[in-house]
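Take a look at the letters that make up each chain.
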Amino acid sequence: MSWGDNLYGQLGHGQHKSKVTEPKIIRSLQKHNIQNERIAAGQYHSLIVSRTGQLRVFGWNEFYQCGTDTDANIYSPQINLTLADRYVTRIKCGFNHNVAITANNEYYLWGHNRYHQCMVYDADQKYVHVPTKWHYRNEIGPRRKIIDIYPGWCETRVVTIN
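We now turn to the structure provided with this report. All values derive from a computational prediction rather than experimental measurement.

Across its full length, the protein chain carries two helices and twelve strands. Taking 15 Å as the expected radius of gyration for a compact globule of 162 residues, we find that the protein chain reaches 16 Å, a close match to that expectation. In terms of overall dimensions, the protein chain has a C-alpha envelope of 50 × 30 × 25 Å along the principal axes. Residues classed as buried in the protein chain amount to 44% of the 162 residues present. Residue pairs in contact within the protein chain that sit at least 24 positions apart in sequence constitute 40% of those at least 6 positions apart. A total of about 8,800 Å² of accessible surface is found on the protein chain, and carbon and sulfur atoms cover 48% of it. Each charge class in the protein chain was averaged separately, 19 positive and 13 negative side chains, and the resulting centres sit 8 Å apart.

What follows covers the pattern of salt bridges. Under the counting rule described, the total for this entry stands at seven salt bridges. In this structure, Arg90 engages Asp148 in a salt bridge whose closest nitrogen and oxygen atoms are separated by 3.3 Å. Of this pair, Arg90 sits in strand E7 (residues 88-93) while Asp148 sits in strand E11 (residues 145-151), placing them 58 residues apart in sequence. Look at Arg90 and you get partly exposed, because its relative accessible area is 26%. A salt bridge links Lys92 to Asp148, with the nearest nitrogen and oxygen atoms 2.7 Å apart.

With antiparallel pairing, four strands are arranged side by side in an open sheet as E3-E4-E5-E6. The sheet is open, and its two edges are formed by strand E3 (36-41) and strand E6 (74-79), each paired on a single side. Between one strand axis and the next, the sheet turns by 15° as a mean value, whatever way the strands run. Direction of pairing for E3 relative to strand E4 (residues 45-50): antiparallel, over a ladder of five bridges. Bridged to Arg38 within E4 is Val49.

A surface patch of nonpolar side chains, amounting to about 330 Å² of accessible area, comprises Ile147, Tyr150, Val159 and Ile161. Of all the elements in the fold, those that place two or more residues in the nonpolar patch are E11 and strand E12 (156-161). Along the chain, Ile147 turns up in strand E11. Judged by relative accessible area, Ile147 falls into the partly exposed class, the value being 41%.

Cut-offs applied
- Residues numbered from 1 in each chain as written.
- Predicted model: local features only at pLDDT ≥ 70, side-chain atom pairs only at ≥ 80, totals over all residues.
- Heavy atoms only, no water.
- Helix = DSSP H or I, 4+ residues; strand = E, 2+ residues; numbered from the N terminus.
- Rg over C-alpha atoms; globule rule 2.2 N^0.38 Å.
- Buried < 20%, exposed > 50% of the residue type's maximum accessible area, 1.4 Å probe, protein only.
- Contact = heavy atoms within 4.5 Å.
- Areas by Shrake-Rupley, 256 points an atom, 1.4 Å probe, with all protein chains shown as cover.
- Lys, Arg positive; Asp, Glu negative; His and termini not counted.
- Charge placed at Lys NZ, Arg CZ, Asp CG, Glu CD.
- Salt bridge = Lys/Arg side-chain N within 4 Å of Asp/Glu carboxyl O.
- Pairing = 2+ DSSP bridges.
- Axes fitted to C-alpha atoms, helices over the stretch in contact; angles between N-to-C directions.
- Patch = residues over 30% accessible without salt bridge, like charges linked within 9 Å, V, L, I, M, F, W, Y side chains within 5 Å.

See below:
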(Lines give C-alpha, C1' and ligand atoms only; values in the text may rest on other atoms or scores of the structure.)
Protein backbone atom coordinates (compact mmCIF):
# COMPACT_ATOMS: atom_id res chain seq x y z
CA MET A 1 0.00 0.00 0.00
CA SER A 2 1.06 3.57 -0.49
CA TRP A 3 -0.32 7.07 -0.13
CA GLY A 4 0.79 10.69 0.02
CA ASP A 5 2.61 12.85 -2.52
CA ASN A 6 2.63 11.19 -5.95
CA LEU A 7 3.94 13.98 -8.15
CA TYR A 8 6.32 11.70 -10.07
CA GLY A 9 4.62 8.31 -9.71
CA GLN A 10 6.62 7.29 -6.64
CA LEU A 11 3.56 5.60 -5.13
CA GLY A 12 3.32 3.10 -8.01
CA HIS A 13 -0.39 3.47 -8.78
CA GLY A 14 0.08 3.77 -12.52
CA GLN A 15 -1.34 7.21 -13.08
CA HIS A 16 -0.02 10.71 -12.86
CA LYS A 17 -2.03 11.91 -9.88
CA SER A 18 -0.46 14.50 -7.59
CA LYS A 19 -1.58 12.92 -4.33
CA VAL A 20 -3.29 9.89 -2.86
CA THR A 21 -5.00 10.80 0.41
CA GLU A 22 -5.74 7.32 1.80
CA PRO A 23 -3.79 4.04 1.85
CA LYS A 24 -4.21 2.31 -1.50
CA ILE A 25 -3.08 -1.13 -2.69
CA ILE A 26 -0.64 -1.06 -5.60
CA ARG A 27 -2.85 -2.90 -8.08
CA SER A 28 -0.15 -3.97 -10.54
CA LEU A 29 1.60 -5.90 -7.76
CA GLN A 30 -1.65 -7.42 -6.54
CA LYS A 31 -2.72 -8.35 -10.10
CA HIS A 32 0.44 -10.43 -10.59
CA ASN A 33 0.35 -11.80 -7.02
CA ILE A 34 3.73 -10.27 -6.20
CA GLN A 35 4.59 -10.60 -2.53
CA ASN A 36 6.89 -7.82 -1.38
CA GLU A 37 9.73 -8.48 0.99
CA ARG A 38 11.36 -5.05 1.17
CA ILE A 39 10.64 -1.47 0.16
CA ALA A 40 12.83 1.63 0.09
CA ALA A 41 12.06 5.22 -0.83
CA GLY A 42 14.24 8.05 -2.09
CA GLN A 43 13.26 11.65 -2.72
CA TYR A 44 10.60 10.85 -5.35
CA HIS A 45 11.33 7.23 -6.31
CA SER A 46 10.73 3.82 -4.79
CA LEU A 47 12.26 0.35 -4.91
CA ILE A 48 10.57 -2.93 -4.03
CA VAL A 49 12.12 -6.38 -3.71
CA SER A 50 9.77 -9.34 -4.01
CA ARG A 51 10.07 -12.57 -2.04
CA THR A 52 11.69 -14.07 -5.14
CA GLY A 53 14.46 -11.45 -5.09
CA GLN A 54 13.22 -9.41 -8.06
CA LEU A 55 13.81 -5.67 -7.94
CA ARG A 56 11.03 -3.38 -9.10
CA VAL A 57 11.44 0.38 -9.53
CA PHE A 58 9.13 3.36 -10.03
CA GLY A 59 8.89 7.11 -9.65
CA TRP A 60 10.98 10.10 -10.66
CA ASN A 61 13.81 9.11 -12.96
CA GLU A 62 15.44 12.36 -14.09
CA PHE A 63 18.77 11.27 -12.60
CA TYR A 64 18.36 7.58 -13.61
CA GLN A 65 17.52 6.66 -10.05
CA CYS A 66 15.20 3.90 -11.30
CA GLY A 67 18.13 2.37 -13.18
CA THR A 68 16.26 1.72 -16.41
CA ASP A 69 18.72 3.45 -18.81
CA THR A 70 16.16 6.16 -19.57
CA ASP A 71 15.26 9.32 -17.68
CA ALA A 72 11.50 8.91 -18.19
CA ASN A 73 9.40 8.68 -15.03
CA ILE A 74 7.90 5.29 -14.20
CA TYR A 75 4.35 5.24 -12.82
CA SER A 76 3.93 1.51 -12.07
CA PRO A 77 6.48 -0.88 -10.58
CA GLN A 78 8.60 -2.47 -13.28
CA ILE A 79 11.35 -5.07 -13.07
CA ASN A 80 14.83 -3.63 -13.25
CA LEU A 81 16.23 -5.59 -16.20
CA THR A 82 19.89 -5.15 -15.23
CA LEU A 83 19.31 -7.09 -12.02
CA ALA A 84 16.62 -9.45 -13.35
CA ASP A 85 18.94 -12.47 -13.12
CA ARG A 86 20.23 -11.57 -9.64
CA TYR A 87 18.60 -12.42 -6.31
CA VAL A 88 18.40 -9.07 -4.53
CA THR A 89 18.27 -9.34 -0.74
CA ARG A 90 18.57 -5.72 0.40
CA ILE A 91 17.88 -2.30 -1.08
CA LYS A 92 18.56 1.22 0.11
CA CYS A 93 17.70 4.59 -1.38
CA GLY A 94 19.61 7.79 -1.10
CA PHE A 95 18.16 11.08 -2.20
CA ASN A 96 18.62 10.28 -5.92
CA HIS A 97 20.82 7.16 -5.93
CA ASN A 98 20.43 3.59 -4.71
CA VAL A 99 22.18 0.46 -3.52
CA ALA A 100 21.07 -3.12 -4.15
CA ILE A 101 22.82 -6.03 -2.44
CA THR A 102 22.51 -9.53 -3.85
CA ALA A 103 22.51 -12.92 -2.17
CA ASN A 104 26.12 -13.30 -3.39
CA ASN A 105 27.15 -10.12 -1.53
CA GLU A 106 27.47 -8.09 -4.70
CA TYR A 107 26.88 -4.35 -4.37
CA TYR A 108 25.17 -2.47 -7.20
CA LEU A 109 24.78 1.32 -7.24
CA TRP A 110 23.08 3.68 -9.70
CA GLY A 111 21.48 7.09 -10.11
CA HIS A 112 22.89 10.55 -9.49
CA ASN A 113 26.70 10.43 -9.36
CA ARG A 114 27.84 14.06 -9.33
CA TYR A 115 29.86 13.48 -6.16
CA HIS A 116 30.78 9.87 -7.08
CA GLN A 117 28.24 8.53 -4.60
CA CYS A 118 27.62 5.56 -6.92
CA MET A 119 31.32 4.63 -6.62
CA VAL A 120 31.91 5.39 -10.31
CA TYR A 121 34.83 7.80 -10.47
CA ASP A 122 34.76 8.93 -14.10
CA ALA A 123 34.57 12.74 -13.89
CA ASP A 124 32.26 12.86 -16.92
CA GLN A 125 29.74 10.36 -15.55
CA LYS A 126 27.27 12.48 -13.57
CA TYR A 127 24.64 9.74 -13.76
CA VAL A 128 24.95 5.97 -13.56
CA HIS A 129 22.12 4.84 -15.85
CA VAL A 130 21.80 1.22 -14.70
CA PRO A 131 22.84 -0.73 -11.59
CA THR A 132 26.61 -1.05 -11.75
CA LYS A 133 28.60 -3.52 -9.71
CA TRP A 134 30.98 -1.96 -7.20
CA HIS A 135 34.28 -3.85 -7.06
CA TYR A 136 34.88 -2.88 -3.47
CA ARG A 137 37.91 -5.12 -2.82
CA ASN A 138 39.97 -2.65 -4.85
CA GLU A 139 39.02 0.15 -2.44
CA ILE A 140 38.64 -1.36 1.01
CA GLY A 141 41.29 -4.06 0.72
CA PRO A 142 41.06 -7.85 0.55
CA ARG A 143 40.81 -8.43 4.33
CA ARG A 144 38.09 -5.95 5.21
CA LYS A 145 34.47 -7.00 5.32
CA ILE A 146 31.53 -4.71 4.61
CA ILE A 147 29.06 -4.61 7.48
CA ASP A 148 26.62 -2.19 5.88
CA ILE A 149 26.26 0.57 3.32
CA TYR A 150 24.22 3.76 3.60
CA PRO A 151 23.33 6.01 0.67
CA GLY A 152 22.51 9.56 1.75
CA TRP A 153 21.79 12.95 0.19
CA CYS A 154 24.77 13.12 -2.19
CA GLU A 155 27.10 10.64 -0.52
CA THR A 156 27.47 6.99 0.40
CA ARG A 157 28.85 5.63 3.66
CA VAL A 158 30.31 2.17 4.12
CA VAL A 159 30.91 0.46 7.46
CA THR A 160 33.72 -2.12 7.43
CA ILE A 161 35.67 -4.34 9.85
CA ASN A 162 38.92 -6.28 9.57
